[in-house]
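If you want the building blocks of each chain, they are given just below.
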Amino acid sequence: VAQRLEDDIHDKDTHYCGAIQNERQQRKAIESELESSQIANEDALRQKAEMEKENSALRDKVSRQEKYIGRLQDREKQNRRVTSTASAAMSQGNQRGLQSKVTRPSTAGESRSRSPMRNTKGRVPRTKSRGAFHATDENERPNIGRFGLARPQLPM
């Protein structure tokens, strides 16, 4: 009976020791799996943070580029307005100059002092408003030179 009890205790001890070793192996496997999962999770979080930082930098870059392009477009619009205004003014000035040259009667024989537009010195009086198109004599200073455009060369 005692031998049988000792054998039974020895079998149970062996069985429990095997179970404990098996549980330790499972625990080590799960802990190593957990550790690798934690490392993977930390890497994923680090990559996410880097991507968010890069995404933020790219959004900032895009917004700065959009603002820069907007400023360039506004500048181009202003340049086109000035150019079209200057072109329109030049063409109107040229048309007025041509019309006035063609439709004006000859004043070669008349005295300068008789003209109601001239003062006692024979000059056209200056007005108070000195706008961009003001000139004492429209043929003296044509508008072409006022906008930085080259003056046309007359054929020789």
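A. Structural detail: the overall build of the protein chain. The secondary structure content of the protein chain amounts to 1 helix and 0 strands. Within the span of the protein chain, comprising 156 residues, buried residues form 6% of the whole. If you take every contact in the protein chain between residues at least 6 apart in sequence, the share linking residues at least 24 apart comes to 34%. Of the roughly 14600 Å² that the protein chain leaves accessible, carbon and sulfur atoms contribute 52%.

B. Geometry of the pattern of salt bridges. Applying the stated rule across the entire model yields 5 salt bridges. Between Glu52 and Lys48 there is a salt bridge; the shortest N-O distance is 3.9 Å. You can see Glu52 and its partner Lys48 sitting in helix H1 (residues 2-103), 4 residues apart, about one turn around the helix. Under the relative-accessibility criterion, Glu52 is labelled partly exposed at 48%. Of the charged contacts, one joins Asp60 and Arg64 as a salt bridge, the two residues approaching to 3.1 Å between their closest N and O atoms. Taken together, the residues span about one helical turn, with Asp60 and Arg64 both in helix H1 at a distance of 4 residues. Accessibility expressed as a relative area gives 47% for Arg64, which makes it partly exposed.

C. Main features of a nonpolar patch on the surface. Where nonpolar side chains cluster on the molecular surface, the patch consists of Tyr68, Ile69 and Leu72 and spans about 270 Å² of accessible area. Examined against the element boundaries, Tyr68 turns out to sit in helix H1. Looking at Tyr68, the relative accessible area reads 44%, which means it is partly exposed.

D. Molecular detail of a negative patch on the surface. There is a patch of like negative charges on the surface, built from Glu6, Asp7, Asp8 and Asp11. With respect to the helices and strands, Asp8 occurs in helix H1.

Basis of the calculations
- In every chain, residue numbers begin from 1 and rise along the written sequence.
- In keeping with the model being predicted, local features are shown solely for residues with a pLDDT of at least 70 and side-chain atom pairs are shown and tallied solely at 80 or more, while totals for entire chains, interfaces and linings include all residues.
- Heavy atoms throughout the structure, all of them, feed into the side-chain values; hydrogens and water do not.
- Counting from the N terminus, the helices are the DSSP runs of H or I reaching at least four residues and the strands are the DSSP runs of E reaching at least two.
- Accessibility here uses a 1.4 Å probe with only protein chains present; expressed as a share of the type maximum, an area under 20% marks a residue as buried, one over 50% as exposed, and anything in between as partly exposed.
- A contact between two residues is defined here by any heavy atoms of the two lying within 4.5 Å.
- The Shrake-Rupley method, run with a 1.4 Å probe sphere, supplies the accessible areas, and residue values consider only the shown protein chains as cover.
- By definition here, a salt bridge exists when the distance from a side-chain nitrogen of Lys or Arg to a carboxyl oxygen of Asp or Glu is within 4 Å.
- Patches draw on residues past 30% relative accessible area with no salt bridge. Two like charges within 9 Å are joined, as are two nonpolar side chains (Val, Leu, Ile, Met, Phe, Trp, Tyr) within 5 Å.
- Asp and Glu are treated as the negative residues and Lys and Arg as the positive ones, with His and the ends of the chain left uncounted.
- For charged residues, the charge sits on one atom: NZ in Lys, CZ in Arg, CG in Asp, CD in Glu.

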